[in-house]
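Per-entry structural report
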Amino acid sequence: MTIRSLSYAVALACTANLACAQQSSVETITVTGSRLPVSLDKLAASVSVLTEEDIQAAGATQLTDLLRGMPGVSLSQSGSPGSLTELRLRGSETNHLLVLIDGVIVNDLSQGGLVDFAHLTADNIARVELLRGAQSALWGSGAVSGVLSITTKAGSENNDSTSLSTGIGNASTYRASVSTQQSLKNLNVSLYANHFNTDGDNVSRTGGEDDGYRNTTAGFGLNWQATPSNVFMAGARMVDYRNDYDATDFTTGLPADADNVTDGDQLTSYLQWNYAIPSLGYTSELKAQYHKDDNDNLTGAVNAGGTTGERKQLNWTQFITTDVAQFAIGTELLRREFEQRGPADWGDPNYRGDDSTTSIFAELTGLGTDELTTQFSARYDDNERFEKAWSYRAGAHYAISRQVNLFASVSQAVKTPNFTELYGYFPAQFIGNPELEPEQSREFEIGLQTTFGRQLTADFSVYTTRLENEITSVWDSASGLSSVANASQDSRRDGFEASVQWVADTWQITAHYSYLDATSGDGVDQAVELRRPNHTGSVTYRHSLPVQGLSVYIKADYTGVREDVFYPPTSFSGEILSLEPYWLTSINVNYDWNKQWQFGVRVDNALSEDYEDIIGYRGAQRRILAHTSYRF
């Protein structure tokens, strides 16, 4: 299907964007959409926003429960809570999405630059912003398909408050959380902590062993207005987790029960100084950030190795605001460090590596007229391992009328190879390729946003992306192991995203639909990209019932047919198999007894759907959780 035919098809549909439906037209995006403040009704990009109210209404335990079904999002999870969970946005690779927590990049260098969403719980999250489309011009390598920005309660600007919550459910599942935000003269202090534990489910098709998971997360934020011109900020977030996982049965090639465990921890922190001269429209921002991922694996109580990835970053940005436009220019220093360790039984997997990147970037927004707003950004990266790279993005937003807005953008993004792809080694399985070149993506997008009063909003977007030098799996004949190489032909991702929301006095319905055509190669070599469904979507219904304080939240997420690869034990070549489509339904009922006490029940996979996101790994089973919270 061509982009032109997609455009005609979407033009006939009534669609809506979640952000436009739920946010005021004067709200600004200051994290993902731009380093400069840009109102949502002038942003030349596709963005979805979940507020704290949305998150509380869902009652979700995992962040993926909120993200599933969003425009452009496809998820693959290798079993029950705690198992590897990957998010692909607009058909790109999992490490092509850049994830920020309170403004700090948290992509895991120890896992190839992806983010394992299994360890992101929904407790103490105040806001989620998903910006779709290439953003390397602002955020550097890795922001090929978009940026996901998560704001915790430590990074939000809530009034003084303290809250406690707890929940208990089947499969020995329980969760608890606490948060507080307090103001002391010119100092704002935020603290939070949450814990989640479950016996989990049996992931493999056979056997009866459940794969359990526990997660403890804590964080804090400080904001000190030292003088009218000087603000100092600091924050940190710590995660400690442990999950059970299955082994591979080499007689079937499928998962089998095993006593395998991963122990991991994450540390995210930042220090920031803002200096402002309001009379000149000038602000300087100096920010140091640090992120570390560390994990160790045990197979049958025997050390199976582990990895550590560290990201150290220093950013200095100058902001200038005039009557006609806003301008930002900055420089960035990035240091990446990686360690892989393990027993040297059939070769030595132990490796330590690092690299550095120096960057400069600039952004200009606001030039135009009352109806036309433009946004431009560019970035220059100088990595010591690779050739110098340019990224850019240009967009325009035009208000045809008060009800109809049109936007278009063109962008180029880069993704440098990760340390595992370059130098990784897993005995009898994988060997890296130090000759890899960075991937480069070019994208064009157009979108239309419409509103019909305050009840109905509609929006759609159509995009086309071409990825050069895609890093793909190959067979290395010299070592007899699997490896990676840059593809000689481009990969493409074409599609559109559509949603609709209707808001009434006591209820609202939101529906999303995404179509994706993602392939690699050309002609006889063309192949469908794995684990990327052509069709995804969701329908969410929220209703304040006639009983005072009683409300219901129902969400149904659809994942269409997608292909995966299975490696039979008797063959070195993989078999491409199709995975069945499925619906996942979740229900949350809340009762606000008074302003302090809230009670509720959340049911995940309410219809007890049997499904697999990855061949051989059974999806999460039905889970019922009763929860309560107290605010003061």
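Since this is a predicted model, take the numbers as computed values, not measurements.

Next up on the list: the overall build of the protein. In terms of helices and strands, the protein carries six helices and 40 strands. Rg of the C-alpha trace for the protein: 24 Å, near the compact-globule value of 26 Å for 632 residues, within the 12% margin. Taking the principal axes of the C-alpha coordinates as reference, the protein spans close to 70 × 60 × 55 Å. Looking at the protein as a whole, 53% of its 632 residues are labelled buried. Counting contacts in the protein only where the partners sit at least 6 residues apart, residues at least 24 apart contribute 62% of the total. Surface exposure of the protein reaches about 26,900 Å², of which carbon and sulfur atoms provide 57%. The centroid of the 45 positive side-chain charges in the protein is displaced by 5 Å from the centroid of its 77 negative side-chain charges.

On average, residues of the protein score 90 in pLDDT, and 94% of them reach the 70 mark or higher. Mean pLDDT across the secondary structure elements of the protein bottoms out at helix 2 (residues 18-22), with 36, and peaks at strand 33 (residues 550-559), with 98. When the criterion is pLDDT under 50, residues 1-26 qualifies, and its contacts beyond four places in sequence or with other chains add up to 67 contacts.

One open sheet accounts for five strands, arranged 3-8-9-6-7; its pairing is mixed. The open sheet has two edge strands with one neighbour each: strand 3 (46-50) and strand 7 (104-105).

What follows concerns the packing of aromatic side chains. All told, the structure shown has 18 aromatic pairs when counted by the stated rule. Measuring from ring centre to ring centre gives 6.1 Å for Phe 496 and Tyr 515, while their planes differ by 25°; the resulting arrangement is stacked. Here the residue Phe 496 occupies a position in strand 29 (residues 491-503), and Tyr 515 occupies one in strand 30 (residues 507-520), the gap between them amounting to 19 residues. Note on Phe 496: relative accessible area 9%, which makes it buried. For Tyr 515, a relative accessible area of 13% gives the class buried. Taking the centre distance of 4.4 Å and the plane angle of 25° together, the rings of Tyr 582 and Tyr 611 count as stacked. Of this pair, Tyr 582 sits in strand 36 (residues 582-592) while Tyr 611 is found in the loop between strand 37 (597-604) and strand 38 (612-614), placing the two residues 29 residues apart along the sequence. Ring-pair connections join several aromatic residues into one group, and the members of that group are Trp 593, Trp 597, Phe 599, Tyr 630 and Phe 632. The ring of Tyr 463 has Arg 90 lying over it, and the distance from NZ or CZ to the ring centre is 4.2 Å. Here the basic side chain of Lys 287 rests over the ring of Tyr 270, its NZ or CZ set 5.0 Å away from the ring centre.

This part covers the nonpolar core. Counting 27 residues, the largest nonpolar core has Leu 63, Phe 117 and Leu 148 as the members making the most contacts within it. Secondary-structure elements contributing two or more residues to this core are helix 3 (52-58), helix 4 (63-67), strand 4 (73-77), strand 5 (85-89), strand 6 (97-101), strand 8 (125-132) and strand 9 (146-152). Dropping the residues within four chain positions of it, Leu 63 is found in contact with Phe 117, Leu 120, Thr 121, Ala 122, Ile 125, Val 128 and Ile 150.

So, about unusual backbone geometry. In this structure, Ala 301 is a non-glycine residue whose phi angle is positive, near 70°. Looking at the secondary structure, you find Ala 301 in the loop between strand 16 (282-299) and strand 17 (302-321). Owing to a relative accessible area of 65%, Ala 301 belongs among the exposed residues under this scheme. Positive phi, close to 60°, is recorded for Arg 531, a residue that is not glycine. Along the chain, the position of Arg 531 falls in the loop between strand 31 (527-528) and strand 32 (535-544).

According to the stated counting rule, one finds 36 salt bridges in the structure shown. With a closest N to O distance of 3.6 Å, Arg 90 and Glu 443 form a salt bridge. You can see Arg 90 sitting in the loop between strand 5 and strand 6 and its partner Glu 443 sitting in strand 25 (residues 439-452), a full 353 residues away along the chain. Classification of Arg 90 by relative accessible area gives buried; the value is 3%.

This part covers the side chain of Ser 499. With respect to the secondary-structure elements, Ser 499 resides in strand 29. Ser 499 gets classed as buried once you look at its relative accessible area, which sits at 4%. At 2.2 Å, the side chain of Ser 499 and the side chain of His 512 are in polar contact.

Another point: the pairing of strand 11 (residues 173-184). Summarising the sheet, strand 10 (residues 161-169) and strand 11 pair through nine bridges and their orientation is antiparallel. Each residue of the ladder has a partner; that of Ser 163, found in strand 11, is Ser 179. If you look at the hairpin formed by strand 10 and strand 11, you'll find three residues sitting between the two strands, and Ala 171 has a positive phi there, around 60°. In this sheet, strand 12 (residues 187-201) lies alongside strand 11 in antiparallel orientation, the contact comprising 11 bridges.

On the secondary structure map, Tyr 617 appears in strand 39 (residues 617-618). In the structure, Tyr 617 is positioned 534 residues away from Ser 83 in sequence and 9.9 Å away in space, judged by C-alpha atoms. Sequence-distant contacts of Tyr 617, defined by excluding residues within four places in its chain, comprise Ser 78, Gly 79, Val 203, Pro 255, Tyr 611 and Glu 612.

Right, let's talk about the pairing of strand 36 for a bit. Of the strand pairs in this sheet, strand 33 and strand 36 are connected by 10 bridges, and their pairing is antiparallel. Counted as the bridge partner of Ser 551 is Asn 590 from strand 36. As judged from the six bridges shared by strand 36 and strand 37, these two strands associate in the antiparallel manner. Looking across to strand 37, one finds that Val 589 is bridged to Val 601.

Reading the values: rules and limits
Residues numbered from 1 in each chain as written. Predicted model: local features only at pLDDT ≥ 70, side-chain atom pairs only at ≥ 80, totals over all residues. Heavy atoms only, no water. Helix = DSSP H or I, 4+ residues; strand = E, 2+ residues; numbered from the N terminus. Rg over C-alpha atoms; globule rule 2.2 N^0.38 Å. Buried < 20%, exposed > 50% of the residue type's maximum accessible area, 1.4 Å probe, protein only. Contact = heavy atoms within 4.5 Å. Areas by Shrake-Rupley, 256 points an atom, 1.4 Å probe, with all protein chains shown as cover. Lys, Arg positive; Asp, Glu negative; His and termini not counted. Charge placed at Lys NZ, Arg CZ, Asp CG, Glu CD. pLDDT = per-residue confidence, 0-100. Pairing = 2+ DSSP bridges. Phe/Tyr/Trp six-rings, centres within 6.5 Å; stacked < 30°, edge-to-face > 60°. Lys NZ or Arg CZ within 6 Å of the ring centre and 35° of its normal. Core = buried A, V, L, I, M, F, W, Y, C linked by side-chain atoms within 4.5 Å. Salt bridge = Lys/Arg side-chain N within 4 Å of Asp/Glu carboxyl O. Polar contact = N/O pair within 3.5 Å; in protein donor to acceptor, adjacent residues only side chain to side chain.

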